[in-house]
Structure formats: C-alpha cells, structure tokens
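Reading the structure
Spelled out from the first residue to the last, the chains are:
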Amino acid sequence: MCITVKNLAAAFIIAWFMELRMIRKEKQKRIGKAVLAFAVILGMMRVPAVLASSINEANQKKEEAENGLNAANSDISQIENEQSRLQGEINSLDAELVSVIMNLSILENELTAKEAELVQVQADLVQAQEDEDKQYEAMKMRIRFMYERGDNAFLTSLLESRSITDFLNRVEYVNEVYEYDRNLLTAYHAKQKVADLEVQVQSEIAEMEEVQENYQEEQARYETVIAQKKSQMSDFDTKLASAKQLAAQYQATIDRQNEIIRQEEERIRKEEEERKR
C-alpha cells in the first residue's frame, strides 16, 4: 500500500487535533480541581469568619452587660450609703424621742402629785374657812355682850369678886377671853396661808401643764419625722431590691455570653486542628 504525502499530512493533522483535545480535557480537569479546592478553602475560611462574628457579638453583649452591671453596682452603693445616713438620722431622732418621753413621764408623775397636793390644800382651805366662820360668829357674840354691859365690864366683874378664889377665877376667865381672841387671829392667818398656798400650787400646776403640752408637741413632731424617715427607708429598700435584681440580670447575661465565647473558641480550636491534619 502506497502512503502518499497527502495522506501522511492528514494523519498528522488528525493526531495533532486529538492531542489538543486531550490537553484541553486535562486542563479543564485541572481547572475544575482548582475551583473545587478553592471552594473548599473558601468554605473553611467562612466557618471561622462566622464563628468570629458570633464571638464579636457575644463580646459586645458582654460589654454592654458589664457597663450595666457597673451602673447597677454604683446605684446599689449609693442607695446603701443613703440608707446608712438615714438610719443614723432615725437612731438620733429615736434617742431624742426617748428623752422627751422620759421627761414627759417624769413631769406627768410630778403633775399628778401636785394635783393631789392641790386637792389637799383646797380641803384644808375649806376647813380653815369653816373654823374662821365659827370663830367670827363667836367673836361677834362676845363683842355684842361687851357692848351691852359697857367697856368696864371686865373690871367691874373683878371688883365684884367675893373672895380671892373668885377673883382668880374671874382673872382666868379674862385671860381665856383674850387667848380666844389671839386664837381667832391665828386662825385667820392660818387660813390666809392656806389660801396663798392654793394660789401657789395652782400656778405651779399651770406651769407644769404648759411644759407638758410642749413635751407632747415635741413627741408628736418626733414621731411624725421618724415615720417620714422610715417611709423613706422603705422606699430605699424597694430601690435597693430592684437594683440588686437588675445587677443579677446583668451578671447572668455576662455569664451566658462568657459561656458562648468559650464554646465558640473551643469550636474554632477544634476546626483548626482538623484542618492541620
């Protein structure tokens, strides 16, 4: 069989085209593998990026919670300081109130005793008045008797005595009359003293009642102020409980975000170890 140049050339061209096709297929395979490898690498790169984004988000939430916790703790400290100051004021007011109540109790006992004294003085005054009235009536009768008999009645009575014994008896009678007059004057002075004592005791009672009223006003004022302070303390208790509850919520958020960060970092570490294998 005779091979011509034309046939030889045609065979060469066909072989070249086949080789070219094989080169193209091989190149396409290499490109495909490269694309596949790039996709795998890209996917592996995106996972850490996603994890990093989760960590950043957790860190941001944690930072916000820490700021909130610091503010809540600051509020708690301020409230507790206010409570301490307010409790000091309440303790001071309580001490002053106790002092006022003690003084009021002592004064009321003294006032009770003074009122009992006034009752006795008034009874003594009634008795003194009765004694004076009796003495006064008796003196009027004697004066009337002396007037009817004349001014020298006593002297005449003495001169008419029949014996020394009779004379002495009449002298004794005259002395008794004068003694009676002195007793009457003494009774009058005693009654006046009792009357003056009554005025004095009444004045003392009035002064004590005025002091008592002042103590009662002070007691009421202290009790009102203390009640207001205790109401403020109750408000602080409510605020403190709220602040502590808020602080606990912030702390829970911080703990939760720390756990998220720990888990994400652990996942990244494990994936990095897998890529290195």
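Residues numbered from 1 in each chain as written. Predicted model: local features only at pLDDT ≥ 70, side-chain atom pairs only at ≥ 80, totals over all residues. Heavy atoms only, no water.

This brings us to the overall build of the chain. Of the regular secondary structure elements, the chain holds 3 helices and 0 strands. Reading the secondary structure of the chain in the N-to-C direction produces α-α-α. Out of the 277 residues in the chain, the part that is buried amounts to 22%. Relative to all contacts within the chain whose residues are 6 or more apart in sequence, the contacts with residues 24 or more apart total 91%. Accessible area for the chain stands at about 20600 Å²; split by element, carbon and sulfur atoms hold 56% of it. (Helix = DSSP H or I, 4+ residues; strand = E, 2+ residues; numbered from the N terminus. Buried < 20%, exposed > 50% of the residue type's maximum accessible area, 1.4 Å probe, protein only. Contact = heavy atoms within 4.5 Å. Areas by Shrake-Rupley, 256 points an atom, 1.4 Å probe, with all protein chains shown as cover.)

Before going further, it helps to examine the pattern of salt bridges. If you walk through the whole model with that rule in mind, you get 10 salt bridges. Linking Arg85 and Glu82 is a salt bridge whose minimum nitrogen-to-oxygen distance equals 2.7 Å. Here Glu82 and Arg85 lie together in helix H1 (residues 5-149), a separation of 3 residues that amounts to about one turn. Residue Arg85 is classed as partly exposed on the basis of its relative accessible area, which comes to 40%. With relative accessibility at 27%, the residue Glu82 sits in the partly exposed group. Between Glu273 and Arg269 there is a salt bridge, with its nearest N and O atoms 2.6 Å apart. Of this pair, Glu273 and Arg269 both sit in helix H3 (residues 164-276), 4 residues apart, roughly one helical turn. In this structure, a network of salt bridges that share partners links the residues Glu82, Arg85, Glu89 and Lys229. (Salt bridge = Lys/Arg side-chain N within 4 Å of Asp/Glu carboxyl O.)

As a further point, take the confidence of the model for the chain. Mean pLDDT for the chain: 77, with 62% of residues reaching 70 or above. Highest mean pLDDT in the chain belongs to H3 (83); lowest belongs to helix H2 (residues 153-159) (53). Predicted confidence is poor over residues 34-47, with pLDDT under 50, and the contacts of this stretch with residues over four places away or in other chains come to 2 contacts. (pLDDT = per-residue confidence, 0-100.)

Counted according to the given criterion, the structure contains 0 aromatic pairs. Note that Arg221 overlies the ring of Tyr222, its terminal NZ or CZ placed 4.7 Å from the centroid. (Phe/Tyr/Trp six-rings, centres within 6.5 Å; stacked < 30°, edge-to-face > 60°. Lys NZ or Arg CZ within 6 Å of the ring centre and 35° of its normal.)

Another aspect to go through is the environment of Ala220. Along the polypeptide, Ala220 turns up in helix H3. Judged by relative accessible area, which is 36%, Ala220 ranks as partly exposed. Residues Ala220 and Leu97, spaced 123 residues apart in sequence, show a C-alpha to C-alpha distance of 9.2 Å.

A cluster of like negative charges, contributed by Glu207, Glu210, Glu213, Glu217 and Glu218, occupies part of the molecular surface. One can find Glu210 in helix H3. (Patch = residues over 30% accessible without salt bridge, like charges linked within 9 Å, V, L, I, M, F, W, Y side chains within 5 Å. Lys, Arg positive; Asp, Glu negative; His and termini not counted. Charge placed at Lys NZ, Arg CZ, Asp CG, Glu CD.)

In this structure, Val201, Ile205, Tyr215 and Tyr222 are the most contacted members of the largest nonpolar core, which totals 17 residues. At the level of elements, H1 and H3 are the ones that each hand at least two residues to this core. Sort the elements by how many residues they give to this core and H1 lands first, with 9 residues. (Core = buried A, V, L, I, M, F, W, Y, C linked by side-chain atoms within 4.5 Å.)

Along the chain, Gln83 falls in helix H1. Overall, the relative accessible area of 11% leaves Gln83 in the buried class. Setting aside chain neighbours within four positions, we find Gln83 in contact with Met233, Phe236, Asp237 and Leu240.

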